[in-house]
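Chain by chain, the residues run as shown.
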Number of protein chains: 8
Amino acid sequence: MEREQIRALLASVQRGETELDEALEDLARPPFVDTGDGRVDLHRALRMGLPEIIYGPGKTPEQIVQIVRALREHGQSALATRIDPDPAAQVLAVLPEGEYIADARLLWFGPAEVPVQGRGTIAVVCAGTSDLPVAREAAEVARRFGNKVEMLVDVGVAGLHRLLASTEVIRSAQVLIVVAGMEGALPSVVGGLVDKPVIAVPTSVGYGASLGGVAALLGMLNSCASNVAVVNIDNGFGAATVATLINRS
Amino acid sequence: MEREQIRALLASVQRGETELDEALEDLARPPFVDTGDGRVDLHRALRMGLPEIIYGPGKTPEQIVQIVRALREHGQSALATRIDPDPAAQVLAVLPEGEYIADARLLWFGPAEVPVQGRGTIAVVCAGTSDLPVAREAAEVARRFGNKVEMLVDVGVAGLHRLLASTEVIRSAQVLIVVAGMEGALPSVVGGLVDKPVIAVPTSVGYGASLGGVAALLGMLNSCASNVAVVNIDNGFGAATVATLINRS
Amino acid sequence: MEREQIRALLASVQRGETELDEALEDLARPPFVDTGDGRVDLHRALRMGLPEIIYGPGKTPEQIVQIVRALREHGQSALATRIDPDPAAQVLAVLPEGEYIADARLLWFGPAEVPVQGRGTIAVVCAGTSDLPVAREAAEVARRFGNKVEMLVDVGVAGLHRLLASTEVIRSAQVLIVVAGMEGALPSVVGGLVDKPVIAVPTSVGYGASLGGVAALLGMLNSCASNVAVVNIDNGFGAATVATLINRS
Amino acid sequence: MEREQIRALLASVQRGETELDEALEDLARPPFVDTGDGRVDLHRALRMGLPEIIYGPGKTPEQIVQIVRALREHGQSALATRIDPDPAAQVLAVLPEGEYIADARLLWFGPAEVPVQGRGTIAVVCAGTSDLPVAREAAEVARRFGNKVEMLVDVGVAGLHRLLASTEVIRSAQVLIVVAGMEGALPSVVGGLVDKPVIAVPTSVGYGASLGGVAALLGMLNSCASNVAVVNIDNGFGAATVATLINRS
Amino acid sequence: MEREQIRALLASVQRGETELDEALEDLARPPFVDTGDGRVDLHRALRMGLPEIIYGPGKTPEQIVQIVRALREHGQSALATRIDPDPAAQVLAVLPEGEYIADARLLWFGPAEVPVQGRGTIAVVCAGTSDLPVAREAAEVARRFGNKVEMLVDVGVAGLHRLLASTEVIRSAQVLIVVAGMEGALPSVVGGLVDKPVIAVPTSVGYGASLGGVAALLGMLNSCASNVAVVNIDNGFGAATVATLINRS
Amino acid sequence: MEREQIRALLASVQRGETELDEALEDLARPPFVDTGDGRVDLHRALRMGLPEIIYGPGKTPEQIVQIVRALREHGQSALATRIDPDPAAQVLAVLPEGEYIADARLLWFGPAEVPVQGRGTIAVVCAGTSDLPVAREAAEVARRFGNKVEMLVDVGVAGLHRLLASTEVIRSAQVLIVVAGMEGALPSVVGGLVDKPVIAVPTSVGYGASLGGVAALLGMLNSCASNVAVVNIDNGFGAATVATLINRS
Amino acid sequence: MEREQIRALLASVQRGETELDEALEDLARPPFVDTGDGRVDLHRALRMGLPEIIYGPGKTPEQIVQIVRALREHGQSALATRIDPDPAAQVLAVLPEGEYIADARLLWFGPAEVPVQGRGTIAVVCAGTSDLPVAREAAEVARRFGNKVEMLVDVGVAGLHRLLASTEVIRSAQVLIVVAGMEGALPSVVGGLVDKPVIAVPTSVGYGASLGGVAALLGMLNSCASNVAVVNIDNGFGAATVATLINRS
Amino acid sequence: MEREQIRALLASVQRGETELDEALEDLARPPFVDTGDGRVDLHRALRMGLPEIIYGPGKTPEQIVQIVRALREHGQSALATRIDPDPAAQVLAVLPEGEYIADARLLWFGPAEVPVQGRGTIAVVCAGTSDLPVAREAAEVARRFGNKVEMLVDVGVAGLHRLLASTEVIRSAQVLIVVAGMEGALPSVVGGLVDKPVIAVPTSVGYGASLGGVAALLGMLNSCASNVAVVNIDNGFGAATVATLINRS
């Protein structure tokens, strides 16, 4: 509860318009719904103007259904990430109004068309075809967060002309999400071509010394382009959130 | 054998009440039962006042049955950890008096109701729904060790109000077990809110740079709250043991 | 050279207004000055609207003087990072118009007052007094990049009330830079309190299992607050660049 | 501010005994002193009944003086950790009432004799002579936190009889701090001998594959004795805090 | 487009032989085919004189078919790496002209016999039978890149006479690919026996402290033979490419 | 070929008893059999007086059959390690004279009873029941290498009395193999009790911070008992070889 | 000794032209000089046609003098690497005919002008000014190995136009050495521009997550350009050796 | 106290020849001397027949003097490891009868000539001149433990003929200590040449990816020669202890 809200509440108590115990409740009321196995946050989403996100792994379909229901009952959209086809089908069997976006492993409960907000476009730039699932998670989340999204695929640094052929797309974006596995060099190259913030997403694409994406992650953290910030390996969703807030702010 | 016991035995020998060879046996007798594949400790549990624990992984159902039998024959309770449903069923087929607590992966051989000991309550605070299996291992073990347990779920640090809404639970505990994956920040925040010892349990919940729970583990070891001590990743059982001894001491 | 510039140049050649060799030169001319030991980029800064940055470590004072001179001769500002007092004094002995900002280890060649640009304020939030040098690098760079900056110090998560007492500062910022060592939990907590992008800077403050800042870095990458993106350990400068571009875009 | 305090304040506002703005101040007042470079927490110490701790590294002597002064002005004790002789001398030159405990690298501002609290004794068990500085930090902090402390030195596991000769000390303690470098095996052995909680402190003593104490840390985290919890490498102070709270609770 | 090509194009525009827009197209045309999910590079292969390579993992059989088709339509050969039998069969069902080389996990679309180029022989030296799949990937790729290849198997350093019995093969090669897992010592020994460049390929053969091939990788990077350069773990294909370019240059 | 053998051969050439080309062959003949996929060493085993060992992983049953046949044809025993039941059955279907020792995952081709050699006994000391498979690999290999073996199981350091009850076994051995997972502390304790060499075998038993056995490995390498040497994680076979050579030498 | 030499020697013994003991000596004579602390290899250099290399660290100036003397007495050149100014001066005080190349930390004993061998040019491409010392080690070694060398400095990937402005240099080289720290992305970009082998040298330039050059090393090992092979961090000398052998072969 | 000693003592008590309290003392007496900062073990050395070892780092010269004195007063020899010249001089100023072996950093208090024990020779094989300090620690300790020692230096695997020229030394040893840094391949090669146990000592010689000796350590642990066991990085002393016990047993 913000300072101004506290002031208003206190004034109301002082004026006798609000009962003491009622005010006490208001000052102490938890802004969430308890589902037994979880506390569904009803304010975070509203505060950010974003649908609530459910991190899928480690949750049973039943738990996901519980959380989605609690959110839908309060009129909120919900987006579950990293959902495999089987649990997705189990959830949709109970809540058939949802949409499963298979190649991004997302489960969406909300309007089919999300109105576009934000000052510009988010460009999702993807190094290789094998990085596509992560890039798609980023793009699909960004769209459901109300952004205009452009996608550029298979523009890895070992064939620079493919990237240089698309500099218009890159340079016209308000913010860029750059997705790459292996050595993770693409954000450095893209970062050097634009004057906008670049959110880099390392992927676990690679083998051996890629160490499950750690090589790409380290590469991006050490980028010699200083307009690059990084999120966790394969975290397309996080990149989309940061990019959305940049695009809106 | 303790000093006082040695003195008594020696005096008895001196008085001729105990035969030399008998005394020798007593001084050398192993306080365990040999089952062929293992030496079941009969004293550790008694010494601590706790049931004996069987670490499940790498043991066959047959070996678990052997150990439980040896313990039950000596009148002791037994608790096996990290038991999957299949081997659990195999053990229970032979020893049907046991109880399988599926969501904590525990196999329990002992009284249905364990009398409460200890000066206060153990609070088990769990960051997210995905961390629940570890938190439940901690809570279920703590209950079978005779503690009063309170559980608080889904109070991660990115939605502080969920935690702050439950400060009473937190502040009234005698000792706290705080379970968190990903960045493992919850023990620091909880540690700053209480004047009691906090046992932090990192979980393997996360992906990419979570490195199987190592990120959460490192976070907890570096906690800026100095009342935090840490156990191994996913080690709800260990946290319950330490908390039990604190609660009893 | 952009598509439109190429078109104009080609048209000019076609009209005979530009000589073939002149056009060739224009199409091939390198947009940098070669100082022997380096190629000073004259366009990157202009492109981004930022002063050129010189990464200090591994460069001799002579090399820094060369680069600064090349930039100053082309009318550009220059900012050298990670400069210790001794080499700073050597550079300033040759180029006395510079300013050394000791507690941020920066060497600045540009206007004493940089006019404020950008839509809002950058909040630099710093976990502990020991993290101050990194936070100051971020703040001083951000100021020289034309931002309004607010700083909040010593608001680590183990004493939440210190942070909660300053939520106004945090919530009114356009973008936040959060600096923390040890377990690096502060960005998660701050991220949960705001609806703006958070640029997290892990610091090397800590010992033992902090592994030179790797623990804080991992913590931030695994943040359960999804509006957090991360830069390299102790990289206050990088965070300031990203935050500036967000603030301006 | 606790629920009951809020209720009292609201009642007072309702009764007209407290002005609205005054109540607002009370609800919003930060419980710390701002020294410019830091926010000295005045409540944490009181809340825990412990002196406030100042983490030394990365702070200038001037900053330490500022913080100690703020604390002393509010009547609180202060303990600074990891202070080398030179900065210690600089601080004591300004604040001569302090005491420097060189072999524990502590700077203490408080009563020469701290009254003993707590139900029992803290045993500090130290594997080798080279681990002594960390063990002494633990012991000296524990004494200044009001505990009775017993110390056992050079009882490493490769010479078990040295440890077994002191089982009385070990078994009579309320809580044990076990300090070891190299392979860090001592907490497992001690943990198997007692029915009390063991706080294990890995040290950076060792070379090569000790990886600066990481080997000992990992050893302790994987202890087959389940009554062991661990703090950061060389963190004698943290172990003392946890042990104190256990001893008091 | 190279400098000389630009000059010719500009001259043609100047002479009025080429239209402005046509020239613009030429200057901007992307040298690749867009298949929707990828941008198939048509120039890289030609530039190197090598068939285009498709990195298999993370690509669906459909995507591989798309890419191969695009390449074949432009008259180019294609080689897909790390293809398991199942997806290989799916691709061959659509494009039956291909060849699956099972023990090297390669899918080849090109002439059955590739004419030999290059000045000499590539020797593929393989430490143990378990390293064969990687060695075969190297050999089969090298053959399809037009090299003469000799293979030497099971000549690990613990039985030196097996290696020393084949020094002729080793010493007559133009360039050597040395494949080894476990401690990865073979490249050092081979490197000391020849005056040619050695491309070392660590394999993931081993267990425990081999850390998935990292031990072998580190061993090779630290080789005391200075004529050794290293590629990624299990990267037989990369070694074959480097060796081919050496053999041809 | 040894110096004395060369001298004899040269003398024979000088005396005209050996033809030049024959001598050349002898000097150059490889002491192995080439099976196509491998070079079976026929001398190493003879040289050491040990059966030849076949490292199973990465080899097909066919390759194992080839190697065993080559060895058997030259009258040698063979021992294949890390063989799972399925491939074992496939090999035994072709070579039914072999023996599969399932709980040690060994495949043995040699005499049912190997005559005992060596000056004393090898004690295999095993920390926990879960470490048994590795301990059994060590014991079964040692027996087939002609050693007298004694085994001690479930004597982990958290229950010292179980170990101390068996000091006779430990102290009468000529060399000890100590097998432990988790923190790997047992070799340090055993090493302190004996005046014989201790070969420590870390196992991958454990979870979380055990890092697949790396914690135990590091613990053993940092042992404060200086009579401890270490082999790779889960390498019971290697420990048996070293112990055999010690016992024989 | 090679097969043909053995045949000749045997024939000579057979003809009675060589005495048995003399032949024995020849067959057994070590091709090195023993200096007490080392065995100076006199054949390796001759075999490769390269001067002998002395690895400096861990050797005293006296030991270096011994080795250089032994080599010079046999008419060979010598090159010592990683020599700091102080030991260099000590060596030159005794052996004044040497040359110290300070910015490459090399000590050279050989002709002032080494005649150029090899089919083409080695291009040394260096990402940043801070990487210069490593690039210079590569270039200076390559020159003393008889190569024509071209150097390109400060062409990091965040300012692509600097690199693209020099594609002629890059494309005309026979082999390329690419030196880069931080994220180490330059070899991938250069590798995509040329059809020649690229030897990548990661440097320890960077901080924090660069982990002393490991980030750059991993980046290069995971390069998506398949014509890249890698040497150890900061190993300019090794890259020069490999490149020399490629250029000569 | 052994079983037979207990029996004798009990019999004596039974016969009335020993007083109860005297027997109690005997059963409980610690076999060490307490110096305040340490417990000097007087039995371990006797038990092993070796002088007591003092691990130098982290101990003050005063502490070393205390320990040496306690040992000398009980007639035992003492050997302190890893002692730098300065503290060595400080210790020798107080205890001038000691000997400082500078190039092995050992401080020795015992007979100038230690009589040779053991069945054979220990060969210390050292890869490079830079590894000499560790090899010398091994050799000097082994000599003071009463072994005959032979040393072979600078026989790294990249110049095999240097090693092969000394196979007699290698093959005639009873046990071998092999010391190597960088890739640590020498133990594998030596292990393949002998039928004796090989104790491998990795050294921290190297740079970059040698990771302070970890690369060599991993290489040795993964040795394809199965007669190799490993000690900690730079642990010449440990290798000497193990080799001594092998040589004696």
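Our structure's up above, just so we're on the same page.
As the structure is a computational prediction, the values presented were derived from the model and not from experiment.

A. Quick peek at the relation of the copies chain H and chain D. When chain H is fitted to chain D, the best match, at an RMSD of 0.0 Å, comes from turning it 90° and sliding it 0.0 Å along the axis. Interpreted geometrically, this transformation is the action of a four-fold axis. Scanning chain H for the C-alpha nearest the rotation axis identifies L211 of chain H, at a separation of 7.2 Å.

B. Inspection of the sheet that holds strand β3 (residues 52–55) of chain D at higher detail. All names here are of chain D. Here four strands make up an open sheet; going across it, the order is β3-β4-β6-β5 and the pairing mixed. Each end of this open sheet is capped by a strand with a single partner; those strands are β3 and β5 (99–101). Averaged over all neighbouring strand pairs, the angle between strand axes comes to 20°, with direction disregarded. Direction of pairing for strand β4 (residues 78–81) relative to strand β6 (residues 106–109): antiparallel, over a ladder of three bridges. Bridge pairing links A78 to F109 in β6. On top of the sheet, helix α5 (residues 85–94) reaches β5 and β6; it is set at about 20° to β6, its chief contact.

C. How the structure looks around the arrangement of the chains. Spatially, chain C is disjoint from chain F: no contact exists, and the shortest C-alpha separation is 13 Å. At their nearest point, the C-alpha atoms of chain D and chain G are still 14 Å apart, with no contact between the two.

D. Broad picture of the interface of chain H and chain D. Of the residues lining the interface, 22 residues belong to chain H; the matching set on chain D comes to 21 residues. Here chain H and chain D share an interface that buries about 1700 Å² over both sides, 53% of which is from carbon and sulfur atoms. Considering only the side of chain H, the residues that lose the most area to chain D are D37, R39 and Y55 of chain H, jointly responsible for 36% of the buried surface there. The tally of links from chain H across to chain D stands at zero salt bridges. Applying the counting criterion to the chain H and chain D interface returns five residue pairs in polar contact (both at pLDDT 80 or more).

E. Fine view of the packing of helix α4 (residues 61–73) of chain B against helix α5 (residues 85–94) of chain B. Residue and element names in this part refer to chain B. Interhelical geometry of α4 versus α5 gives an angle of 45° and a closest axis separation of 9 Å. The angle between the axes of α4 and α5 places the two elements in the oblique class. Relative to α5, the crossing made by α4 is right-handed. Two secondary-structure elements touch here, α4 through P61, I64, V65 and R69 and α5 through P87, Q90, V91 and V94. A per-class count over the contact of α4 with α5 returns six nonpolar, one polar and one charged.

F. The arrangement of the environment of V201 of chain D in detail. Secondary-structure assignment places V201 of chain D in strand β10 (residues 198–202). Along the sequence, V201 of chain D and C126 of chain D sit 75 residues apart, while their C-alpha atoms lie 9.4 Å from each other.

G. Seen up close, unusual backbone geometry. The backbone of M182 of chain F sits at a positive phi, close to 45°, despite the residue not being glycine. In this fold, M182 of chain F is placed in the loop between β9 (175–180) and α9 (186–193). Looking at M182 of chain F, the relative accessible area reads 18%, which means it is buried. Despite not being glycine, D154 of chain G has its phi angle at roughly 70°, a positive value. The topology assignment puts D154 of chain G in the loop between β8 (148–153) and α7 (160–164).

H. Quick look at the packing of aromatic side chains. Scanning the entire structure with this criterion turns up eight aromatic pairs over all chains. Between Y55 of chain A and Y207 of chain B, the ring centres sit 6.0 Å apart and the planes meet at 25°, which makes this aromatic pair stacked. Within this pair, whereas Y55 of chain A is found in strand β3 (residues 52–55), its partner Y207 of chain B is found in the loop between β10 (198–202) and α10 (214–221), the two belonging to separate chains. One cation-aromatic arrangement involves R82 of chain B over Y207 of chain F; the distance from NZ or CZ to the ring centre is 3.5 Å.

I. Representation of the pairing of strand β6 (residues 106–109) of chain G in the model. Residue and element names in this part refer to chain G. Burial along β6 is two-sided: the face carrying L106 and W108 and the face carrying L107 and F109 are both buried. Alignment of strand β5 (residues 99–101) against β6, held across three bridges, turns out to be antiparallel. Across the sheet, the residue bridging to Y100 is L107, located in β6. From the end of β5 to the start of β6, which pair antiparallel, there are four residues, and R105 there has a positive phi angle of about 55°.

J. Broad picture of the pattern of salt bridges. Per the counting criterion, the structure on display carries 64 salt bridges over all chains. Note that D154 of chain H is salt-bridged to R162 of chain H, the shortest N-O span being 3.5 Å. For R162 of chain H, a relative accessible area of 5% puts it in the buried group. Several salt bridges converge on common partners, so that one network encompasses E99, E140, R143 and R144 of chain A.

What counts and how
- Residues numbered from 1 in each chain as written.
- Chains lettered and ligands numbered in written order.
- Predicted model: local features only at pLDDT ≥ 70, side-chain atom pairs only at ≥ 80, totals over all residues.
- Heavy atoms only, no water.
- Least-squares fit on C-alpha atoms with pLDDT ≥ 70 in both.
- Pairing = 2+ DSSP bridges.
- Helix = DSSP H or I, 4+ residues; strand = E, 2+ residues; numbered from the N terminus.
- Axes fitted to C-alpha atoms, helices over the stretch in contact; angles between N-to-C directions.
- Contact = heavy atoms within 4.5 Å.
- Buried area = accessible area lost by both parts, 1.4 Å probe.
- Salt bridge = Lys/Arg side-chain N within 4 Å of Asp/Glu carboxyl O.
- Polar contact = N/O pair within 3.5 Å; in protein donor to acceptor, adjacent residues only side chain to side chain.
- Parallel < 35°, antiparallel > 145°, perpendicular 65-115°, else oblique.
- Left-handed = near helix turned anticlockwise from the far one by under 90°.
- Nonpolar A, V, L, I, M, F, W, Y, C, P; charged D, E, K, R; others polar.
- Buried < 20%, exposed > 50% of the residue type's maximum accessible area, 1.4 Å probe, protein only.
- Phe/Tyr/Trp six-rings, centres within 6.5 Å; stacked < 30°, edge-to-face > 60°.
- Lys NZ or Arg CZ within 6 Å of the ring centre and 35° of its normal.

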